[in-house]
Amino acid sequence: MRENVDILGVFHDGSIVEILGALPKISFRIEIEYLRNMFPSKGDSFLAHVSECESIVFYNWENETRTNELAEIQKEEPEILSIEQQDDTAHIICSTGELDVLYKKIEFQLDSGAPVTFQELTEACNNYWDDWESRKIS
């Protein structure tokens, strides 16, 4: 059973600045300072460890190319705008293209190395946006 890909939605506006490993186990370093600041210790990013990853493909809208080379995808530093589930694939709409990742499991940690749960990420994200909304209204 695959995990719901919507969990990556907490990283809206974050950029994938590093991709480590090789299929079937890769890790994304997602730089998203506003969300990282909601957690103790200094840092600017999270690691998303994807296991049982069967494929990853980035489609660049500008030059209409596709690549599954992790180094090439990393060069793009895709900024996450939204996530859709297409069958079992996480279809990630980015600022410069689309990233499709087919995986079974995902775990998270702060860039400091401390593990973080999806529930903790969701709560921090909700708290950030609730606070942002209240400042906007004031």
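Residues numbered from 1 in each chain as written. Predicted model: local features only at pLDDT ≥ 70, side-chain atom pairs only at ≥ 80, totals over all residues. Heavy atoms only, no water.

Novice: Hey, could you run me through the overall build of the protein chain in this one?
Specialist: The helix and strand inventory of the protein chain stands at three helices and ten strands. Ordered by position from N to C terminus, the α and β elements of the protein chain give β-β-α-β-β-β-α-β-β-β-β-β-α. The C-alpha radius of gyration of the protein chain comes to 15 Å, within 12% of the 14 Å expected for a compact globule of 138 residues. Considered along the principal axes of its C-alpha atoms, the protein chain spans approximately 45 × 30 × 30 Å. (Helix = DSSP H or I, 4+ residues; strand = E, 2+ residues; numbered from the N terminus. Rg over C-alpha atoms; globule rule 2.2 N^0.38 Å.)

Novice: Would you explain the pattern of salt bridges in this entry?
Specialist: Pairing is possible between side chains that carry opposite charge, provided their charged atoms lie close to one another. For the structure shown, the criterion picks out seven salt bridges. Between arginine 29 and glutamate 31 there is a salt bridge, with its nearest N and O atoms 3.9 Å apart. Two residues, arginine 135 and aspartate 131, come together in a salt bridge whose shortest N-O distance is 3.1 Å. Pair noted here: arginine 135 and aspartate 131 are both in helix 3 (residues 118-137), with a separation of four residues, about one helical turn. (Salt bridge = Lys/Arg side-chain N within 4 Å of Asp/Glu carboxyl O.)

Novice: I'm lost on the sheet that holds strand 7 (residues 89-94) in this one. Help?
Specialist: One open sheet holds the five strands; their spatial order is 5-4-8-7-6, and the pairing between them is antiparallel. Where the open sheet ends on each side, the last strands, each with one partner, are strand 5 (65-67) and strand 6 (80-86). Neighbour-to-neighbour, the strand axes of this sheet turn through a mean angle of 20°, independent of strand direction. When strand 4 (residues 55-60) meets strand 5, the two strands line up antiparallel, connected through three bridges. If you follow tyrosine 59 over to strand 5, its bridge partner there is arginine 66. (Pairing = 2+ DSSP bridges. Axes fitted to C-alpha atoms, helices over the stretch in contact; angles between N-to-C directions.)

Coordinates in, geometry out; function isn't part of it.
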